[in-house]
Amino acid sequence: MQQKQPLQFYSEPLPGVDPEELHGKLIVIEGPDAVGRTTQVARLRQWLEQEGHAVLDTGMARGALAGKGIKQAKDGNTLGPITMTLYYTTDFADRLENEIVPALRAGFVVLTDRYIFSIIARAIARGEDRHWIDQVTGFGLVPHAVYYLRADVKDLVSRVVLGRGAFDYWESGMDMRFGNNMFDSFVRYQIRLIRALDGMAKKYDFVTIDAGRAPDLIFQDLQRHISNLEIVRLRETPRVNEASGAKAPNGAKRPRKR
Amino acid sequence: MSLLSHWLRSQGFAVAFSEWNSSPLVRETTRRGKKKEMFTPTTFSLIHATDFADRMERYIVPLMKAGAIVCADRYAYTAFARDVARGVSRRWVRNLYRFATRPNLSFYFRVPLDVAVGRILGGRDAIKYYEAGMDLGLSRDVEESFRIFQGRILDEYEAMAHEVGFHIIDATLSIEKQQQRMREIVISELGESLKNGVLRIAPGEAHAAETATSVL
């Protein structure tokens with residue numbers, strides 16, 4: 001695939017959006033369920049805000065338009081695979097146009113917990129036509145970076161058991177019944193998801209991060225990678241005494257720690 | 001379509017009816033989005049495709065597999081016309097509906113723009129926001145916006161008539177004459193299948209819903 005520049009559209013322009021007006025940075029954290037994305041996004045947000053950046057964080061099914069409808073549809077037992085894919089795509093489009101694009105216009109750093117890649121991977125895992133969903137989601141903006149938190153299924157299983165303590169119906173792919181029970185279905189479904197994401201890594205230029213390690217190590221990796229995007233410089237300027245609120249060398253006041 | 005459905009049922013066929021924008025999983029989201037004017041051309045297109053997908057997966061396809069005649073009031077072509085009139089890419093919206101089964105018969109009720117506009121304006125108290133294309137900034141005047149927007153939609157329908165293979169019904173004729181024409185087309189096009197009392201797949205062909213060509 002021809003590499004596209006960040007903040008261009010993958011294949012389909014969004015009516016009314018001019019990429020030339022977008023100045024912020026778009027960072028995507030991807031990965032399967034229970035891999036620890038949400039934890040990392042929260043830490044990254046805090047770090048970037050401490051560095052003085054305006055940050056928007058956004059994630060799947062959190063949009064004002066379709067978030068509630070998706071939740072209600074999942075509470076029932078009739079949500080089909082193509083319907084689910086399109087409902088999530090609607091939610092993504094809504095957040096892209098109403099949250100992400102305005103934030104990028106204003107120069108924000110946008111951290112997204114999942115992106116079109118999870119939608120595509122879930123569709124592939126459910127046997128849907130990958131060319132179809134590739135083109136449907138083609139109105140997505142190319143991110144500055146996609147960090148793919150990759151872990152083996154056995155790591156995901158331990159996190160579910162030791163963390164949440166229960167398997168979730170949808171995260172186990174039970175709508176497709178990949179197994180007779182939630183554990184078997186989870187394992188088979190997550191293997192499919194991982195395979196689908198692995199298959200997209202080259203095409204979409206993922207930076208693959210080993211997420212089988214401790215969260216601190218994963219976070220340090222993410223910090224290192226993000227610093228290379230030239231949003232933040234790690235320890236290049238001396239840290240001022242934040243309690244005193246003294247000015248940084250370039251005259252700008254450093255934000256106080258929360 | 002309602003009259004046609006009733007007629008087919010009266011002939012002893014199993015008939016199901018599916019209406020645009022009627023999915024129980026999606027219609028509340030659509031309704032709220034319209035009321036609060038939350039839609040963009042892209043999300044408007046996607047939410048209607050979501051509604052359509054739910055009706056296809058849960059209703060239309062299983063009934064077709066069971067041998068019923070499914071009558072759909074509006075289909076993917078409504079999206080092709082309306083969404084493109086809103087500025088969405090023709091190619092993108094056709095790909096979006098690629099999962100839709102190609103109908104055995106498609107009717108297009110053709111009416112000149114002035115007649116269509118006259119019917120709507122003479123009918124209800126107010127034209128709705130999205131119906132008038134007010135989100136597109138075509139005109140501050142609702143009626144003017146409606147006229148321009150509906151004109152664009154009609155142009156799209158006309159342009160796709162050949163591509164889709166519409167059976168065109170002159171909607172300026174009386175309801176009785178329109179219905180007569182529709183029944184003639186159903187009998188001539190679906191002929192033998194209907195005489196056997198149920199839609200049947202000929203031997204050697206895979207099931208309709210599995211091998212039906214995509215809509216376009």
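Residues numbered from 1 in each chain as written. Chains lettered and ligands numbered in written order. Predicted model: local features only at pLDDT ≥ 70, side-chain atom pairs only at ≥ 80, totals over all residues. Heavy atoms only, no water.

Attention now goes to the overall build of chain B. If you tally the helices and strands in chain B, you get nine helices and four strands. Ordered by position from the N terminus, the helices and strands of chain B form the series α-β-α-α-β-α-α-β-α-α-β-α-α. Intrachain contacts of chain B at a sequence separation of at least 6 include 73% that bridge at least 24 residues. A total accessible area of about 10,900 Å² is found for chain B, and carbon and sulfur atoms account for 50% of it. (Helix = DSSP H or I, 4+ residues; strand = E, 2+ residues; numbered from the N terminus. Contact = heavy atoms within 4.5 Å. Areas by Shrake-Rupley, 256 points an atom, 1.4 Å probe, with all protein chains shown as cover.)

Let us now look at the pairing of strand β4 (residues 145-150) of chain A. All names here are of chain A. By the criterion of burial, β4 is predominantly enclosed, with five of the six residues buried. As defined by bridge partners, strand β1 (residues 25-30) adjoins β4 across four bridges and the pair is classed as parallel. Paired with V28 across the two strands is V146, which belongs to β4. Bridge count between β4 and strand β5 (residues 206-210): five bridges; the pairing is parallel. Bridge pairing in β5 places Y147 opposite V207. (Buried < 20%, exposed > 50% of the residue type's maximum accessible area, 1.4 Å probe, protein only. Pairing = 2+ DSSP bridges.)

Okay, the packing of helix α4 (residues 76-85) of chain B against helix α7 (residues 142-164) of chain B next. Residues and elements named next belong to chain B. It is at 8 Å that the axes of α4 and α7 come closest, and there the two elements cross at 135 degrees. If you check the angle between α4 and α7, you find them oblique. In this structure, α4 meets α7 at a crossing whose hand is right-handed. Between α4 and α7, the residues in contact are Y77, T78, F80, A81, R82, V84 and A85 and F149, R152, I153, E156, Y157, M160 and V164, respectively. (Axes fitted to C-alpha atoms, helices over the stretch in contact; angles between N-to-C directions. Parallel < 35°, antiparallel > 145°, perpendicular 65-115°, else oblique. Left-handed = near helix turned anticlockwise from the far one by under 90°.)

Quick look at the interface of chain B and chain A now. Taken together, the contact between chain B and chain A spans 28 residues of the former and 29 residues of the latter. Carbon and sulfur atoms make up 60% of the surface buried where chain B meets chain A, a total of about 2,400 Å² over both sides. It is B:L25, B:E57 and B:W92 that lose the most area in chain B upon contact with chain A, and together they represent 22% of the buried surface on that side. Inspection of the region where chain B meets chain A yields two salt bridges. Taken together, chain B and chain A are joined by 18 residue pairs in polar contact (both at pLDDT 80 or more). Listing elements by their share of the side of chain B that touches chain A, those giving two or more residues are α2 (27-35), α3 (41-65) and α5 (90-96) of chain B. Here the residues of the side of chain B that touches chain A sort into 13 nonpolar, nine polar and six charged. (Buried area = accessible area lost by both parts, 1.4 Å probe. Salt bridge = Lys/Arg side-chain N within 4 Å of Asp/Glu carboxyl O. Polar contact = N/O pair within 3.5 Å; in protein donor to acceptor, adjacent residues only side chain to side chain. Nonpolar A, V, L, I, M, F, W, Y, C, P; charged D, E, K, R; others polar.)

What follows concerns the packing of aromatic side chains. Applying the stated criterion to the full structure yields 31 aromatic pairs over all chains. Pairing B:Y108 with B:Y157 gives two aromatic rings, centres 5.0 Å apart and planes at 25 degrees, and the pair type is stacked. With B:Y108 in strand β3 (residues 107-110) and B:Y157 in helix α7, this pair connects stretches of sequence that are 49 residues apart. Residues B:Y108 and B:Y157 agree in their burial class; the two are buried. We classify B:Y157 as buried; its relative accessible area is 10%. Grouped by ring-pair contacts, the aromatic residues A:W132, B:W20, B:F52, B:Y75, B:Y77, B:F80, B:Y97, B:F99, B:Y108, B:Y157 and B:F166 constitute a single cluster. Its guanidinium or amino end placed over the ring of B:F44, B:R86 lies 4.4 Å from that ring's centre, counting from NZ or CZ. (Phe/Tyr/Trp six-rings, centres within 6.5 Å; stacked < 30°, edge-to-face > 60°. Lys NZ or Arg CZ within 6 Å of the ring centre and 35° of its normal.)

So, on to the pattern of salt bridges. All names here are of chain A. Under the defined criterion, the tally for this structure stands at 29 salt bridges over all chains. Close ionic contact of D57 with R45 constitutes a salt bridge, the shortest N to O distance being 2.7 Å. Of this pair, D57 sits in strand β2 (residues 55-59) while R45 sits in helix α1 (residues 37-50), and the two are 12 residues apart along the sequence. Between D221 and R224 there is a salt bridge whose closest N-O contact spans 2.8 Å. Residue D221 and its partner R224 are located together in helix α8 (residues 215-227), separated by three residues, close to a single helical turn.

Attention now goes to the packing of helix α2 (residues 67-75) of chain A against helix α3 (residues 81-105) of chain A. Residues and elements named next belong to chain A. Where α2 contacts α3, the axes come no closer than 9 Å and their chain directions differ by 160 degrees. Relative to α3, the element α2 is oriented roughly antiparallel. α2 and α3 meet at a crossing whose hand is left-handed. Packed against α2, whose contacting residues are G67, G69, I70, A73 and K74, the element α3 presents Y87, Y88 and D91 at the interface.

Moving on, we come to unusual backbone geometry. All names here are of chain A. Positive phi outside glycine occurs at R114, with the angle close to 80 degrees. One can find R114 in the loop between β3 (109-113) and α4 (116-125). Positive phi, normally seen in glycine, also occurs at D205, with a value near 60 degrees. Its location among the elements puts D205 in the loop between α7 (182-200) and β5.

Counting residues in hydrophobic clusters, the biggest one holds 121 residues, and the most contacted among them are A:Y115, A:F117 and B:Y97. In terms of residue count, α3(A) provides more of this core than any other element does, 12 residues in total. Those residues in contact with A:F117, other than ones at most four positions away along the chain, are A:Y10, A:V28, A:E30, A:V146, A:L197, A:M200, A:Y204 and A:F206. Counting 15 residues, the second-largest nonpolar core is a separate cluster that includes B:L4, B:L8, B:F107 and B:I185. (Core = buried A, V, L, I, M, F, W, Y, C linked by side-chain atoms within 4.5 Å.)

Residue and element names in this part refer to chain B. Per-chain confidence: chain B averages 88 in pLDDT, with 89% of residues scoring 70 or above. A low-confidence stretch, residues 200-216 stays under pLDDT 50, and its non-local contacts, those more than four residues away or across chains, total 30 contacts. Model confidence for the complex is summarised by a pTM of 0.88, with the ipTM given as 0.88. (pLDDT = per-residue confidence, 0-100.)

So, on to α1(A). It helps to recall that an α-helix has 3.6 residues per turn; residues three or four apart then point in one direction. Residue and element names in this part refer to chain A. Its 14 residues give α1 an end-to-end C-alpha distance of 20 Å, which sits within 8% of 20 Å, the value for a rise of 1.5 Å per residue. Among all positions of α1, only R37, Q40, V41, L44, W47, L48 and E49 are buried. Turning to α1, the residues buried within the fold contact β1, β2, β3, β4 and α8. Just downstream of α1 lies G52, where phi reads positive at about 100 degrees. (Expected span 1.5 Å × (residues − 1).)

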